[in-house]
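Structural overview for review
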Amino acid sequence: SGLSQEAGSVEQLSLHCAEGSLEWLYPTGALRLRLAPRLPPTSAAVKGGSPPHVTACIKPSGTFRGAQLYLERGGVLELLLPEAPKPRARCFSWLPQEKVALFLQATPHPDISRRIAAFRYELRGDWLARPALPASLSAEGACRPCNDTEILMAICTSDFVIRGSIRSVSNDAELQESIIGVSASRIHRQKFPLFQAGGRPGRPVGSIRTPLRCGVKPGPGTFLFTGWLHFGEAWLSCAPRYRDFQRIYEGAQRTRQNPCEFPMD
C-alpha cells in the first residue's frame with residue numbers, strides 16, 4: 001500500500017517466482033521491481049551455443065489506475081504500460097547477464113484513495129525456440145506452419161495436446177486475437193482443465209487463442225492442437241491435420257527419431 005510509503009520514496013522488491021501478481025493500493029512514490037526468476041536447469045545455455053534469453057510478460061488488470069509501468073534496462077526507461085492501459089500482455093526478453101527491472105511510478109492525483117495499479121506477470125527462461133514460444137509472444141514467424149521437427153517436439157513438451165475439430169473462429173479486434181472454438185475428440189494431455197464437457201455428448205470443448213494477424217479460418221477435418229498456457233488462456237503453437245501428424249510420427253518411429261512416445265490409434 002502506498003499509504004505506508006514515505007512521499008517520494010522508492011520501494012525495492014524482487015520477483016523470483018515464475019508467475020504471480022502484484023497489487024499496489026493507493027500508489028504514491030514508486031516501486032522498483034527487480035526481475036530475477038529462478039531458472040530451471042534446462043534453460044542453461046547449451047555448451048558451445050548462444051546463451052538463452054529470459055522472457056517476461058506483463059498483463060495489466062482492467063482497473064489498472066494511478067501509476068505507469070516502465071522497463072528499466074541499461075539505465076534507460078521504456079514505457080510499458082501507461083495509466084489506464086488496454087488489458088493486453090506486453091512481453092520482452094533479455095540475456096541472463098543483463099540487469100533489468102520494472103519501475104512502477106505513481107502518477108500525481110489529488111485523490112489516490114480509489115486507485116489500484118495491479119498486474120499479472122510471467123517470467124520464463126525456457127521460451128527460447130519455437131514451438132516453446134507462445135504464439136502471442138513471437139512477433140516473427142508466429143503464423144508460419146510448424147515443420148516436422150517442431151511438431152514432434154510440440155507433442156512432447158506442450159501444456160496441452162488435443163485432437164479435435166474447429167467449431168468456430170471469432171476475432172477480437174481490440175486485443176488483436178483470434179479465438180478458435182475447438183471440439184475435442186481426444187485429450188492427450190492438458191496441464192489444466194482447459195477443455196471440459198459442454199459440446200456434443202462425450203465431446204469436451206474449449207477455446208485456443210492465436211494472433212489476429214494469422215488470419216485463422218474455420219475448416220473441416222481433424223487437427224492435433226498443441227500449445228501453451230499464457231495468463232490462464234490456451235495459446236496455439238502447432239496444429240497439423242491429424243493425418244499429416246500420423247505420417248510424420250510414423251516416419252520418425254521408423255528412423256528412431258521421435259523424441260517421445262505418443263499413443264497412436
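The following paragraphs examine the structure supplied in this document. None of these values were measured; they are calculated from a predicted model.

Moving on: the overall build of the protein. Of regular secondary structure, the protein possesses two helices and 15 strands. Looking at the protein alone, contacts between residues at least 24 apart form 65% of all its contacts between residues at least 6 apart. Counting every atom, the protein has about 14,100 Å² of accessible surface; 51% of that belongs to carbon and sulfur.

Time to look at helix H1 (residues 148-157). Within an α-helix, residues lying three or four positions from one another point in the same direction, as the helix has 3.6 residues per turn. For H1, every residue scored as buried is listed here: Glu-150, Ile-151, Leu-152, Ala-154 and Ile-155. Of the surrounding elements, those touching the buried residues of H1 are strand E10 (160-172), strand E11 (177-190), strand E14 (223-230) and helix H2 (242-254). Here H1 starts with a cap whose side-chain oxygen sits 3.2 Å from the backbone nitrogen of Thr-149, and that cap is Asn-147.

We now examine the nonpolar core. Counting residues in each nonpolar core, the largest one holds 25 residues, and the members touching the most others are Leu-35, Phe-92, Leu-102, Leu-104 and Phe-119. For this core, the secondary structure elements donating two or more residues are strand E2 (19-25), strand E3 (30-35), strand E4 (54-60), strand E5 (67-73), strand E6 (76-81), strand E7 (90-94), strand E8 (100-106) and strand E9 (116-124). The contacts of Leu-35, once residues within four sequence positions are left out, are Leu-15, Ala-56, Phe-92, Trp-94, Val-100, Ala-101, Leu-102 and Leu-123.

When you line up the elements, Pro-60 lands in strand E4. Given a relative accessible area of 4%, Pro-60 falls into the buried group. Remark: the alpha-carbon pair of Pro-60 and Pro-87, spanning 27 residues in sequence, is separated by 5.5 Å. Apart from the residues lying within four places of it in its own chain, the contact partners of Pro-60 are Leu-81, Pro-85, Lys-86, Pro-87, Arg-88, Ala-118 and Phe-119.

Moving on to the pairing of E6. Direction of pairing for E5 relative to E6: antiparallel, over a ladder of five bridges. Among the inter-strand pairings, Glu-72 is bridged to a residue of E6, identified as Leu-77. Remark: two residues form the turn of the hairpin made by E5 and E6, two consecutive strands paired antiparallel; Gly-74 in that turn has positive phi of roughly 60°.

For the structure shown, the criterion picks out three disulfides. Here Cys-57 is linked by a disulfide to Cys-91, with a sulfur-sulfur distance of 2.1 Å. Taking the sign of the S-S torsion, about 110° here, the bridge from Cys-57 to Cys-91 comes out right-handed. Of this pair, Cys-57 sits in strand E4 while Cys-91 sits in strand E7, and the two are 34 residues apart along the sequence. Of the residues examined, Cys-57 reaches a relative accessible area of 0% and is grouped as buried. According to the relative accessible area criterion, Cys-91 is partly exposed, its value standing at 30%.

Rules of the game
- Residues numbered from 1 in each chain as written.
- Predicted model: local features only at pLDDT ≥ 70, side-chain atom pairs only at ≥ 80, totals over all residues.
- Heavy atoms only, no water.
- Helix = DSSP H or I, 4+ residues; strand = E, 2+ residues; numbered from the N terminus.
- Contact = heavy atoms within 4.5 Å.
- Areas by Shrake-Rupley, 256 points an atom, 1.4 Å probe, with all protein chains shown as cover.
- Buried < 20%, exposed > 50% of the residue type's maximum accessible area, 1.4 Å probe, protein only.
- Polar contact = N/O pair within 3.5 Å; in protein donor to acceptor, adjacent residues only side chain to side chain.
- Core = buried A, V, L, I, M, F, W, Y, C linked by side-chain atoms within 4.5 Å.
- Pairing = 2+ DSSP bridges.
- Disulfide = S-S within 2.5 Å.

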